[in-house]
Amino acid sequence: MDKKLLDVAIIGGGPSGLSAALVLGRARKHVAVIDEGRPRNAVTHETHGFLTRDGISPGEFRRIAKEEIGAYPSVSFVPDMAVSIAGIDGRFQIETEQGQTFASKKVLFTVGMKDRPLDIPGLAEVYGKSAFVCPYCDGWELRDQPLVIITKGAELMHFAPLISGWTNRFTVCTNGPDELTDAEREELQRNQVPLFDSPIRHIDSSDGIVRQVVLKDGTIVPCRGIFFKPELVTGSDLPRAIGCQITETGAVVVDEFGKTNVPGVYSAGDATSRLHQAIAAASLGSFAAAVINNELNTEAWGRNG
């Protein structure tokens, strides 16, 4: 791409970034979507809960989205990874791993979150096949099945009632101290939820389908699926590098319009929300794009006045 000043550089090409690109392309803005092509959900076979696309594979979802966005010639796709960013509102400079440089008036981070691998032998073999992180995305497929829930503390006390809507046949393995109060343990007992705090030795599976979770104290928990709470990190360090405020959990802090604390820099999608669903990310990207477009138009209008 030439060195012409972009209206918006979108860093990240998942549902949020693609949705933003569609809105901005239709608004006749010059946009580059910079994405390395390694999404968090690449290990999964199907994306669920996205109206008209329920059950589609992540790869096919992106293919269709890019095909539709291709109708708007002011949008370009850059298969590369952004590695540095500098500048101020109206003139940001982004450099990529392959040595490309882009100048842009505005920046939209749609970098998502990435899972930090849990040190549980056998989890990688079932992740995306019979072990998942979001029941809204994959709970239907595991309905009424015997499951193992791997989490602890406050997250567990949120997760257990949630999972009960899909199955009441689940066991909690906290993989170490449960970090619960006596009252919380009693609550699980009242709801007949078995609780084990022994560390997990390994997960047995066949062709990606979990068969049982084996604990270090010898306990064996048969199951047909797993939900676990991953450790998440922001999908890119660039929001922090440009000065965006980041929460303790790694999320980019934004206001109700997707604006960060850095003028001209926006963020949307999983990196800004606890609603880690494709359709929610797309919605946030669409809204942020509309806000950015309005800001660009207002600035241009002011210069002409």
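I will try to describe carefully the structure that is included in this document. Bear in mind the structure is a predicted one, so any value in this text is a computation, not a measurement. (Residues numbered from 1 in each chain as written. Predicted model: local features only at pLDDT ≥ 70, side-chain atom pairs only at ≥ 80, totals over all residues. Heavy atoms only, no water.)

Take the overall build of the chain next. Each helix and strand counted, the chain has eight helices and 17 strands in total. Compactness check: the chain gives a C-alpha radius of gyration of 22 Å against a globular reference of 19 Å for 305 residues, within 12% of the reference. C-alpha extents for the chain along the principal axes are approximately 70 × 35 × 35 Å. Within the chain, counting contacts between residues at least 6 apart in sequence, those at least 24 apart form 58% of the total. If you average the places of the 31 positive and of the 38 negative side-chain charges in the chain, the two averages end up 5 Å apart. (Helix = DSSP H or I, 4+ residues; strand = E, 2+ residues; numbered from the N terminus. Rg over C-alpha atoms; globule rule 2.2 N^0.38 Å. Contact = heavy atoms within 4.5 Å. Lys, Arg positive; Asp, Glu negative; His and termini not counted. Charge placed at Lys NZ, Arg CZ, Asp CG, Glu CD.)

What follows concerns the nonpolar core. Among the nonpolar cores identified, the biggest contains 24 residues, and Ile-11, Ile-94, Val-107, Phe-109 and Cys-244 are the most heavily contacted of them. Going through the elements one at a time, β1 (6–11), β2 (31–35), β4 (82–88), β5 (91–96), β6 (101–109) and α7 (238–242) are the ones with two or more residues in this core. Among the nonpolar cores identified, the runner-up in size contains 19 residues, and Val-33, Ala-65, Leu-108 and Tyr-266 belong to it. (Core = buried A, V, L, I, M, F, W, Y, C linked by side-chain atoms within 4.5 Å. Buried < 20%, exposed > 50% of the residue type's maximum accessible area, 1.4 Å probe, protein only.)

Looking at the element boundaries, Gly-176 is found in the loop between β10 (170–173) and α6 (182–190). In this structure, Gly-176 is in contact with Lys-152, Asp-197, Ser-198 and Pro-199, ignoring residues within four places of it in sequence.

This brings us to the sheet that holds strand β13 (residues 209–215). Across the sheet, three strands lie side by side as β12-β13-β14; this open sheet has antiparallel pairing. Where the open sheet ends on each side, the last strands, each with one partner, are β12 (200–206) and β14 (220–222). With direction set aside, neighbouring strand axes in the sheet form an average angle of 20°. (Pairing = 2+ DSSP bridges. Axes fitted to C-alpha atoms, helices over the stretch in contact; angles between N-to-C directions.)

Attention now goes to the sheet that holds strand β11 (residues 195–196). Strand order in this open sheet of five strands is β8-β15-β9-β10-β11, and the pairing throughout is parallel. Each edge of the sheet is formed by a strand with only one pairing partner; in this case those strands are β8 (131–132) and β11. Pairing analysis gives two bridges linking β8 to strand β15 (residues 225–228), with the strands arranged parallel. When the bridges of β15 are listed, Ala-131 appears paired with Ile-226. Packed onto the sheet, helix α5 (residues 153–163) meets β9 (147–150), β10, β11 and β15 and runs at close to 165° relative to β10.

It is worth spelling out helix α1 (residues 15–26) at this point. Taking 1.5 Å of rise per residue, twelve residues should cover 16 Å, and α1 covers 17 Å from first to last C-alpha, within 8% of that figure. Here α1 has its buried residues at Ser-16, Gly-17, Leu-18, Ser-19, Ala-20, Ala-21, Leu-24 and Gly-25. Tucked inside the fold, the buried residues of α1 contact β1, β2, α2 (58–69), β3 (75–79), β6 and α8 (278–304). A positive backbone phi angle near 70° is found at Arg-28, which sits one or two residues after α1. (Expected span 1.5 Å × (residues − 1).)

Residues apart from glycine generally show negative phi values, whereas peptide bonds are mostly found in trans. Positive phi is not limited to glycine here, since Thr-52 has a value of about 75°. Within the secondary structure, Thr-52 is located in the loop between β2 and α2. Of note, the phi angle at Asn-175 is positive, near 55°, even though the residue is not glycine. Mapped onto the elements, Asn-175 comes out in the loop between β10 and α6.

Position of Gly-37 among the secondary structure elements: in the loop between β2 and α2. A relative accessible area of 47% places Gly-37 in the partly exposed class.

Turning to the pattern of salt bridges, a few remarks are in order. Two side chains that carry opposite charge are able to pair once their charged atoms sit near each other. Under the defined criterion, the tally for this structure stands at twelve salt bridges. In this structure, the salt-bridge partner of Lys-105 is Asp-7, at a minimum N-O distance of 3.1 Å. Placement of Lys-105 in strand β6 and of Asp-7 in strand β1 is noted, with a sequence separation of 98 residues between them. Lys-105 gets classed as partly exposed once you look at its relative accessible area, which sits at 25%. According to the relative accessible area criterion, Asp-7 is buried, its value standing at 9%. In this structure, Lys-106 and Asp-89 form a salt bridge, with 2.8 Å as the shortest nitrogen-oxygen distance. Here Lys-106, found in strand β6, pairs with Asp-89, found in the loop between β4 and β5; they are 17 residues apart in sequence, far enough to count as distant. Judged by relative accessible area, Lys-106 falls into the buried class, the value being 0%. (Salt bridge = Lys/Arg side-chain N within 4 Å of Asp/Glu carboxyl O.)

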